[in-house]
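# Structural overview for review
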Amino acid sequence: MKRSLLRQQASRPIVSNVLRTLFFLTVATGICILLRMIDNRDTYVPMLFILFVFLVARYTDGFWYGVGASLAGVLLVNYLFTYPYFNFNFTLAGYPITILCMLVVSTATSMLTTQNKRQEQIRIEAEKEKTRSNLLRAVSHDLRTPLTSILGAISAVIENDRILGSEERLSLLHDAQDDARWLIKMVENLLTITRIDADENTRLYKEPEAVEELIASAAAKHRKRFGEPPLSVSIPSELLMVPMDAVLIEQVITNLLENAVLHAKGADRITLSVRREDSNAVFEVSDNGAGIPEKLLPHIFDGYFRQNYEEEGDSKRNMGIGLSVCETIVRAHNGTMSAFNKEGGGAVFRFILPLGEEY
Amino acid sequence: MNNRYSILIVEDEKSIVSFMKTILTANDYDVLVARDGEQALMMVNSHCPDMIILDLGLPDMDGLKIIKAVREWSQVPIIVVSARSREQDKVMALDLGADDYVTKPFGTSELLARVRTGIRHIIGRSANAEAMPDGVFRAGDLSVDYKKRHVYVDGEDAHLTKVEYKIVSLLSEYAGRVLTYDFLIKNIWGQNANYNNQILRVNMANIRRKIEKDPADPKYIFTEMGVGYRMVDAD
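Residues numbered from 1 in each chain as written. Chains lettered and ligands numbered in written order. Predicted model: local features only at pLDDT ≥ 70, side-chain atom pairs only at ≥ 80, totals over all residues.

## Brief notes about the overall build of chain A
Within chain A, the secondary structure is distributed over nine helices and seven strands. Considering chain A as a whole, with its 359 residues, one finds that 30% of them fall into the buried category. The contacts in chain A between residues at least 6 apart in sequence include a share of 69% that link residues at least 24 apart. (Helix = DSSP H or I, 4+ residues; strand = E, 2+ residues; numbered from the N terminus. Buried ≥ 20, exposed ≤ 12 C-beta atoms within 10 Å, placed from the backbone. Contact = placed C-beta atoms within 7 Å.)

Spelled out as structure tokens, the structure:
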């Protein structure tokens, strides 16, 4: 932990740290020179330098810059502001002690500030750790069910080789296949979350993509996996180019489509549509099923709603995490995401992506 | 002595090798296995397989290096296996001369389809002229007449522009294989063309409106998101 913090602190370029140190020292010297024109006593000089050494320590990384600044400060004071001027003189009575005090005080300040900074880092780190472990707990819970079923199905096939008919065997293997597919999906979602959460200013690999290609690709993959209910697709007749990380947005659409297949009770039609509204592209996945329960709506993108909402008993297909992944991806694209129920029945998941500067 | 096609699997993950080996053997291919890059290069040299299935993440060397080394002296089809999150790897592998890719995790049917396409191209290379005796590529209702330089849908001229025709004919020549954006741009606008996806996208959008009945559900030219385009196999 400590090592990684140190590495992070060293991440600010050395040049910038050195420049900051030099800047503060120059300002301190400048003020002292100006003040001496007005007032010939030099009692304020060490005070000013201590103040500026404190600032150096505050605005640079690590404490070496602070220590360096205090040493430089001591030498500067001795050279410029103590008699004889423009000469080093360590023999004057009292001065060695003043100088020593200044060195100790400034070094101590630097070290304290550095320690403060470290503690702040540790606090942020701990908070991140907490979110992560919350997610991990939710996920582990979700992974256990399909893993149990895969293990069960495969053990059944291996251990009952003689007893099982080929039909039973196939059905067990199909179940295992379904669950394995679901696990892959889950893991891909998790990878995405870690990719985006890793640092706040995530750099997405954004390029203008043709929406029709994206939609066609996502729809084709979906149709290959789920035959029912049928998916109908509508795209604008004009070519719509949207800057995006295509792999991630395709994942959003796939997640939403799958969500509709698995969760829209009674739906016999799913619609995927894109249209242009001003300088935005509006994507919608809708179905004509039972809709989203009202008490679920406010928390639908939280990722953890399962814990509070267990009406379906031990339903293993929790899309909570999938939906929160969708929202995270869309937000990382400076877009917005919403979910609501249609008047005639059925749920709508909508996300909006900005088209970029050209429009 | 048999006349089955031999396929070299380069992969360090035992369980993946075992499942690929099982399905390929069951489908009448001879299977060789290399566990790392060095062994792979040795086996390519000594066994001259008809096809290579290459995992890009090997313990001892970058899979891209193997593609480069093999392409210096051999045109054997190479199918790359890579993880989903590494789009750039796929593109680089294809640009270096790999023929196709499958993304982990993949199903058996997908792998077999890719292998069949690759094998067809070995045959196609030696007998391209015979495969299209009248100089016409046909897939479903689409036909590309290389002599007249026209594209027909349902027997009717699709009225493609020159550039659009070039794109379609290039894709049809490599039907079944993914052509990267970069490859298409270089072959159509020249080696020195600026890398500009936009022009290609706009042209593709126009082509799609001319030859596909439903641009949102294409039947002839498929998009491989982030990588390139693929034309459906000829009949």
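From this point, things continue past the structure.
## Here's the deal with the overall build of chain B
For chain B, the helix and strand inventory stands at nine helices and 12 strands. Counting all 235 residues of chain B, 31% fall into the buried class. Considering only contacts in chain B between residues 6 or more positions apart, those separated by 24 or more positions represent 57%.

## Concerning the nonpolar core
Counting 49 residues, the largest nonpolar core has Val10(B), Ile52(B), Ile53(B), Leu54(B), Ile78(B) and Val80(B) as the members making the most contacts within it. Domain assignment of the residues forming this core places at least three in each of domain 1 (6-126) and domain 2 (130-231) of chain B. Dropping the residues within four chain positions of it, Val10(B) is found in contact with Ala34(B), Ala40(B), Ile52(B), Ile53(B), Leu54(B), Asp55(B), Leu58(B) and Ile66(B). Ile215(A), Leu256(A), Ala260(A) and Leu323(A) belong to the second-largest nonpolar core, a separate cluster that totals 45 residues. (Core = buried A, V, L, I, M, F, W, Y, C linked by C-beta atoms within 7 Å. Domains from an automatic or database assignment.)

## A closer look at the sheet that holds strand S4 (residues 270-277) of chain A
Residue and element names in this part refer to chain A. Ordered by their spatial adjacency, five strands build an open sheet running S2-S4-S5-S7-S6, and the pairing between neighbours is mixed. Every interior strand has two partners, whereas the edge strands, strand S2 (231-234) and strand S6 (336-341), have only one. On average, each strand axis in the sheet is tilted by 15° relative to the strand beside it, whichever way the strands run. Of the pairings in the sheet, the one linking strand S5 (residues 280-287) to strand S7 (residues 347-354) comprises seven bridges and is antiparallel in character. Among the inter-strand pairings, glutamate 284 is bridged to a residue of S7, identified as arginine 350. (Pairing = 2+ DSSP bridges. Axes fitted to C-alpha atoms, helices over the stretch in contact; angles between N-to-C directions.)

## Remarks on the interface of chain B and chain A
Of the residues lining the interface, 16 residues belong to chain B; the matching set on chain A comes to 20 residues. A total of five residues in the side of chain B that touches chain A trace back to one element, the largest contributor, which is helix H9 (residues 197-211) of chain B. Partitioned by chemical class, the residues of the side of chain B that touches chain A number seven nonpolar, five polar and four charged. (Nonpolar A, V, L, I, M, F, W, Y, C, P; charged D, E, K, R; others polar.)

## Quick look at the UniProt feature "transmembrane region" (unreviewed entry) in chain A
Residue and element names in this part refer to chain A. In this structure's numbering, the residues bearing the UniProt feature "transmembrane region" (unreviewed entry) are residues 21-38, 44-60, 67-86 and 92-113. Across residues 21-38, helical content stands at 100% and strand content at 0%; the span's end C-alpha atoms are separated by 27 Å. Structurally, residues 44-60 comprises 94% helix and 0% strand, and the distance from its first C-alpha atom to its last is 24 Å. (UniProt positions renumbered as here; feature names shortened; annotations may be inferred.)

## Looking at the sheet that holds strand S12 (residues 228-231) of chain B
Residues and elements named next belong to chain B. Spatially, S10-S12-S11 is the arrangement adopted by the three strands of the open sheet, whose pairing is antiparallel. Because the sheet does not close on itself, it has two edges, and the strands there are strand S10 (178-180) and strand S11 (221-224). Each adjacent strand pair in this sheet contributes to an overall mean axis angle of 30°, direction not counted. Here S11 runs beside S12; their pairing, made up of four bridges, is antiparallel. If you follow glutamate 224 over to S12, its bridge partner there is glycine 228. Across the face of the sheet, helix H7 (residues 162-173) comes into contact with S10, S11 and S12 while running at roughly 70° to S12.

## As for the packing of H7(B) against helix H8 (residues 181-189) of chain B
Residue and element names in this part refer to chain B. In the contact formed by H7 and H8, the axes pass within 10 Å of each other and the chain directions differ by 130°. On the basis of the axis angle, H7 is oblique to H8. H7 and H8 meet at a crossing whose hand is right-handed. The residues of H8 that touch H7, namely those facing Val163, Lys166, Ile167 and Leu170, are Leu184, Asn187 and Ile188. A class-by-class count of the residues in the contact of H7 with H8 yields five nonpolar, one polar and one charged. (Parallel < 35°, antiparallel > 145°, perpendicular 65-115°, else oblique. Left-handed = near helix turned anticlockwise from the far one by under 90°.)

## What to know about the confidence of the model for chain B
Residues and elements named next belong to chain B. When pLDDT is averaged along chain B, the result is 86, and 93% of the positions lie at 70 or above. Predicted confidence in chain B is weakest over helix H6 (residues 128-131), with a mean pLDDT of 48, and strongest over strand S1 (residues 6-10), with 95. pLDDT under 50 marks residues 126-130. Its contacts with residues more than four places away, or in other chains, come to zero contacts. Under the prediction, the complex receives an ipTM of 0.78, its pTM being 0.68. (pLDDT = per-residue confidence, 0-100.)

## Some remarks on helix H2 (residues 14-38) of chain A
All names here are of chain A. Along its 25 residues, H2 runs 37 Å from first to last C-alpha, staying within 8% of the 36 Å computed at 1.5 Å per residue. All of the buried residues along H2 are Asn17, Thr21, Phe24, Leu25, Ala28, Thr29 and Cys32. Among the structural elements, helix H3 (44-59) and helix H4 (64-81) are those in contact with the buried residues of H2. (Expected span 1.5 Å × (residues − 1).)

## Some words on H7(B)
All names here are of chain B. Between its first and last C-alpha, H7 extends 16 Å over 12 residues, near the 16 Å set by a 1.5 Å rise per residue. Among all positions in H7, only Ile167, Val168, Leu171 and Ser172 are buried. On an axial view of H7, the arc spanned by its buried residues comes to 125°, and they lie on one face. (Arc of directions from axis to C-beta.)

## With respect to the environment of Asn203(B)
Along the chain, Asn203(B) turns up in helix H9. Taking the C-alpha atoms as reference points, Asn203(B) and Ile167(B), separated by 36 residues in sequence, lie 8.5 Å from one another.

## Brief notes about the pairing of S6(A)
Residues and elements named next belong to chain A. With six bridges connecting them, S6 and S7 associate as antiparallel partners. Opposite phenylalanine 340, over in S7, you have valine 348 as the bridge partner. In this structure, the hairpin formed by S6 and S7 is closed by a connection of five residues, where glycine 345 is found at a positive phi of approximately 105°.

## Details of unusual backbone geometry
It is generally the case that most residues other than glycine have a negative phi and that most peptide bonds are trans. Pro229(A) follows Glu228(A) through a cis peptide bond whose omega is -15°. Relative to the helices and strands, Pro229(A) is located in the loop between helix H7 (211-225) and S2. With omega at -5°, the peptide bond leading from Lys104(B) into Pro105(B) counts as cis. For Pro105(B), the position within the fold is in the loop between strand S5 (100-104) and helix H5 (108-126). The phi angle at Arg149(B) is positive, at roughly 55°, despite the residue not being glycine. As for its position among the elements, Arg149(B) is in the loop between strand S7 (142-145) and strand S8 (150-153). Even without being glycine, Asp154(B) reaches a positive phi, approximately 55°. Structurally, Asp154(B) is set in the loop between S8 and strand S9 (156-157). In this structure Asp154(B) comes out as exposed when scored by C-beta crowding, with 11 C-beta atoms within 10 Å.

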